[in-house]
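# Notes for the structure review
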Amino acid sequence: MNTRKWLWGYLKKHSKMYFFAYFLVIVFLSVSLSVPWIMGKMVDEVIRDRMVEKLWPYLIALVSITIFRTAIMYIHQMIFERVSQNTIHDMRNDTYDKLNRQDFNFYDTNRTGDIMARLTGDMEAVRHFVAGALPQVLKSGFQLLLAVAMMFFIHPVFALSILLVAPFVALVGVKFAKTVLPKFYEIRAQFSKLNTTVQENVSGNRVVKAFAKEAFEVEKFDRENDKYMQTNMDASKVWQKYLPVLEFLSNIMKVFVILLGGIFIINGSLTIGEMVIFTGLIDRVNGPMRMLGWLINDMQRFFASGDKIRQMQDEQPGITNEGFKMTELELKGGVEFRDVSFSYKEAAVLHDINFKILPGQKAAFIGATGSGKSTVMNLICRFYETDEGLVLLDRVNVRNIDLTTLRTQVAIAMQDVFLFTDTIEGNIAYGNPEATLEDVVAVARMAEANEFIERFPEGYDTVVGERGVGLSGGQRQRIALARTLLKNPSVLILDDTTSSLDVETEYRIQTTLEAFSQTRTTLLIAHRISSVKSADIIFVLEGGCIVEQGTHEELVAAGGIYTDVYVNQMGDFDEYTALSGNQEILPDSLTTEAAPITTAGMTTESEVTDNGQK
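In this report, we go over the structure that sits alongside the text. Keep in mind that what you see is a predicted model, and the values were worked out from it rather than measured.

### Topic: the overall build of the protein chain
Of regular secondary structure, the protein chain possesses 22 helices and 10 strands. Looking at the protein chain as a whole, 47% of its 614 residues qualify as buried. Sequence separation of 24 or more characterises 77% of the internal contacts of the protein chain that already satisfy a separation of 6 or more. Approximately 31100 Å² of the protein chain is accessible, and the part contributed by carbon and sulfur atoms is 58%.

### Description of the sheet that holds strand S4 (residues 388-393)
Across the sheet, which stays open at both edges, the four strands sit in the order S2-S1-S4-S5 with antiparallel pairing between neighbours. Whereas interior strands pair on both sides, the edge strands pair on one side only; in this sheet they are strand S2 (347-357) and strand S5 (396-397). Here two bridges tie S4 to S5, and the two strands are oriented antiparallel to one another. When the bridges of S5 are listed, Leu393 appears paired with Val396.

### Topic: the pattern of salt bridges
Opposite charge on two side chains permits pairing when their charged atoms draw close. Going through the model one piece at a time under the given rule, you end up with 12 salt bridges. With its nearest N and O atoms 3.2 Å apart, the salt bridge here joins Glu81 to Arg127. Within this pair, whereas Glu81 is found in helix H4 (residues 55-101), its partner Arg127 is found in helix H6 (residues 112-154), the two being separated by 46 residues in sequence. For Glu217, the salt bridge is made with Lys220, and the minimal N-O distance between the two is 3.4 Å. Within this pair, Glu217 and its partner Lys220 are both found in helix H10 (residues 214-267), separated by three residues, close to a single helical turn. Residue classification places Glu217 among the buried residues on the basis of a relative accessible area of 13%. Taken together, the shared-partner salt bridges connect Glu81, Glu124 and Arg127 into one network.

### Considerations on the side chain of Ser305
Structurally, the position occupied by Ser305 is in helix H11 (residues 272-314). At 3.0 Å, the side chain of Ser305 and the side chain of Asp122 are in polar contact. Ignoring any residue separated from it by four or fewer positions in sequence, one finds Ser305 in contact with Asp122, Ala125 and Arg188.

### As for a negative patch on the surface
Residues Asp339, Asp352, Asp387 and Glu388 make up a contiguous surface patch of negative charge. Here Asp387 shows up in the loop between helix H12 (373-380) and S4. The class for Asp387 is partly exposed, based on a relative accessible area of 46%.

Rules behind the numbers
- Residues numbered from 1 in each chain as written.
- Predicted model: local features only at pLDDT ≥ 70, side-chain atom pairs only at ≥ 80, totals over all residues.
- Heavy atoms only, no water.
- Helix = DSSP H or I, 4+ residues; strand = E, 2+ residues; numbered from the N terminus.
- Buried < 20%, exposed > 50% of the residue type's maximum accessible area, 1.4 Å probe, protein only.
- Contact = heavy atoms within 4.5 Å.
- Areas by Shrake-Rupley, 256 points an atom, 1.4 Å probe, with all protein chains shown as cover.
- Pairing = 2+ DSSP bridges.
- Salt bridge = Lys/Arg side-chain N within 4 Å of Asp/Glu carboxyl O.
- Polar contact = N/O pair within 3.5 Å; in protein donor to acceptor, adjacent residues only side chain to side chain.
- Patch = residues over 30% accessible without salt bridge, like charges linked within 9 Å, V, L, I, M, F, W, Y side chains within 5 Å.
- Lys, Arg positive; Asp, Glu negative; His and termini not counted.
- Charge placed at Lys NZ, Arg CZ, Asp CG, Glu CD.

Below you can see the structure in the form of structure tokens.
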């Protein structure tokens, strides 16, 4: 589908109103072109023949035409504006809907600034084309043809003589169109980069200030801004090259009218009134020819922007909800991986993963950063597709489960916490908007969030900033955990959701979740062994492979990686990886169980971040 057909797909819904506006444009132009005719008749009949009694009918006609065409112009412009706004409204909705249907791969490979440019600047370029450029093309074309027809009707030789310049105008216009289009693609691309720079700076402003990099960011923006200015200047150089030529060729026609018209009047083949008519009509011919460059400019801008939007709409997600899908499915919580392998951007992440988790079990995945723990969870939720193997829930392939059904019954509290600019209650109830305030408070208590929430002056009605600005990392994690618990899922996935919490708060949450998890399957991702000791089964990942599995006692007794991490400071896999790389891990002979960690004398996260002081 080309860009014109794509646009018509949106316009045809409003085609009756749109074509009615074009009909009004034709009426407007037809009435407007009668003005030079009336002026010429006034010169010949009133001034030349001194017939003053005919002046009043002509004056009344001119006033009436002015009032009528002003009203017609207002109506058709309002219709064009309404149609363009409705068209862009539908187009923006469809584009945003398509964005929400894209999978993680799309957002991994497309910059936020590019996406924002499509929904703002490119949409406005399309709207301008529908409301301004396209109607102006019809208006200019019809006006030109009607004016030329009238000129040939009055004096064919005179008309043909002054229109000899028209082919040269067309030739320059075509050359201009071919040259300027690539420049608009460059402008749109650089505009996207500029948007991305601003978006990243605004989102990461705290990091910028923390590292005192304001000057660096200003310099980076200035560099991209200079490139954007330069691409616009390159386009303007094209205009400077061709638009003056178009202006000259169109204006030279007025010179021909004066010179040739004088000759024809002297020869007696043209009256002064007809000369006045020609002078008025030449302006109607001149206008479209002078606007040709700008119309080409607007049309090429539309094609550049329309192509970008259409490409985004045509982007097909790798994960679809097509084909046979089970919607009426009550999951019990069995999870199984059979020979699963997965690569991200040609980099292998998981290799031949096999495990089985029974309904109601509490399973933990532990390993160093980059070992593939979060990837396992993403495959369960079908955020990505496996390269090989099967992911099964209750012995059903996740590819055969409706995505909404799957993600309603499998809830994940992600490691990267995102909160919306909304109230705390709204953020917690995001996945279950029908939940009552009592339900929200109940899960907030389970997530150890109720206490600090009630300290806020507005409590659960407190509006958090973008991405949870204004809250500590631990507070954001607890709100995100409460949001996940409120879904009451069959499979609960906690992806390192207590990493920002102190040991005491983490222990209280784990104790509370023990009762909640008894009726559902719970999957934990953690770096610390203290977070997973109570799991029914623990999987140790290294380099995208499951290298050990079993209960805590079984893994400690096995004397493998898990044992080494457990002995080394009670278990942090990232630290173990760093130490093992430097060959500093404790010798195998040291098998004494580490002393249990207590919270006596510790400063808790809630004491520091919630109260503001120790």
